[in-house]
Amino acid sequence: MIPLANRKILSRFVLFGMAVTLYDVILHTLLVFLHLAFEWFELGLEELIEHLFHTTRQQSQIIVFYLLWLMLLCVLYYLWRVLPSLYNRIKTQLLSVGLEYQAYINNCWREQSSTQKVKWITSFTVSVSCLAFFAFS
């Protein structure tokens, strides 16, 4: 019997592998389901308006069209109001994480011996040189 922790890791690994190998199929299926859900929502709204207001099919389709535009504009207005504060919050979080990572890297660099520092600089220089050679030749 596989322990619970190993089963969780194994199931996550399998799900991750499936997502990586089948990303195009999963994305297409998700978009198809979203499209079908939108069509059902639109049809339900259309039938409701047709029943409540005793309109024809064409009139209810026009009403639903403009209602959907109104909903989209309301969502865009809400995003326009919320995005600046969300951007500032994410920016401060990323800056703080970046500063923590920079301090960690500086601390690791200070702990290295001189020979290790020379090895790191040499390997970095050779890597960048090879990348530039293969990219621009």
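See above for the structure.
Focus: the overall build of the protein chain
Here is step 1: Each helix and strand in the protein chain was counted, giving four helices and zero strands.
Here is step 2: Overall, the protein chain shows an N-to-C arrangement of helices and strands of α-α-α-α.
Here is step 3: The C-alpha radius of gyration of the protein chain comes to 28 Å, more than 25% above the 14 Å expected for a compact globule of 137 residues.
Here is step 4: Dimensions of the protein chain, computed from C-alpha atoms along their principal axes, come out at roughly 85 × 50 × 45 Å.
Here is step 5: Burial statistics for the protein chain: of 137 residues in total, 5% are counted as buried.
Here is step 6: Of the contacts formed within the protein chain by residues at least 6 apart in sequence, a portion of 17% connects residues at least 24 apart.
Here is step 7: On the protein chain, roughly 12500 Å² of surface is accessible, and the fraction owed to carbon and sulfur atoms is 73%.

Here we look at helix 2 (residues 23-53)
Each full turn of the α-helix corresponds to 3.6 residues, which orients residues three or four apart in the same direction.
Here is step 1: Here helix 2 spans 44 Å end to end across 31 residues, near enough to the 45 Å set by a 1.5 Å rise per residue.
Here is step 2: Looking at the buried side of helix 2, the elements it contacts are helix 3 (57-111).
Here is step 3: Two residues or fewer after helix 2 comes His 54, characterised by a positive phi angle close to 55°.

Notes on the packing of aromatic side chains
Here is step 1: Taken as a whole and judged by the stated rule, the model has four aromatic pairs.
Here is step 2: For the ring pair Phe 65 and Tyr 66, a centre distance of 5.1 Å and an interplane angle of 75° mean the geometry is edge-to-face.
Here is step 3: One aromatic cluster in this structure is built from Phe 65, Tyr 66 and Trp 69.

Focus on the environment of Lys 117
Here is step 1: Looking at the secondary structure, you find Lys 117 in helix 4 (residues 114-136).
Here is step 2: For Lys 117, a relative accessible area of 26% gives the class partly exposed.
Here is step 3: Setting aside anything within four residues of it in sequence, one finds Lys 117 in contact with Trp 109 and Gln 112.

Section: the pattern of salt bridges
Here is step 1: Per the counting criterion, the structure on display carries three salt bridges.
Here is step 2: Of the charged contacts in the structure, one is a salt bridge between Arg 57 and Glu 46, with a shortest N-O distance of 2.7 Å. Taken as a pair, Arg 57 in helix 3 and Glu 46 in helix 2 lie far apart in primary sequence, eleven residues in all.
Here is step 3: Judged by relative accessible area, which is 8%, Glu 46 ranks as buried.
Here is step 4: When the shortest N-O distance is used, the salt bridge between Arg 57 and Glu 50 registers 3.4 Å.
Here is step 5: Beyond isolated ion pairs, a larger network of salt bridges with shared partners links Glu 46, Glu 47, Glu 50 and Arg 57.

Rules used in this analysis
Residues numbered from 1 in each chain as written. Predicted model: local features only at pLDDT ≥ 70, side-chain atom pairs only at ≥ 80, totals over all residues. Heavy atoms only, no water. Helix = DSSP H or I, 4+ residues; strand = E, 2+ residues; numbered from the N terminus. Rg over C-alpha atoms; globule rule 2.2 N^0.38 Å. Buried < 20%, exposed > 50% of the residue type's maximum accessible area, 1.4 Å probe, protein only. Contact = heavy atoms within 4.5 Å. Areas by Shrake-Rupley, 256 points an atom, 1.4 Å probe, with all protein chains shown as cover. Expected span 1.5 Å × (residues − 1). Phe/Tyr/Trp six-rings, centres within 6.5 Å; stacked < 30°, edge-to-face > 60°. Salt bridge = Lys/Arg side-chain N within 4 Å of Asp/Glu carboxyl O.

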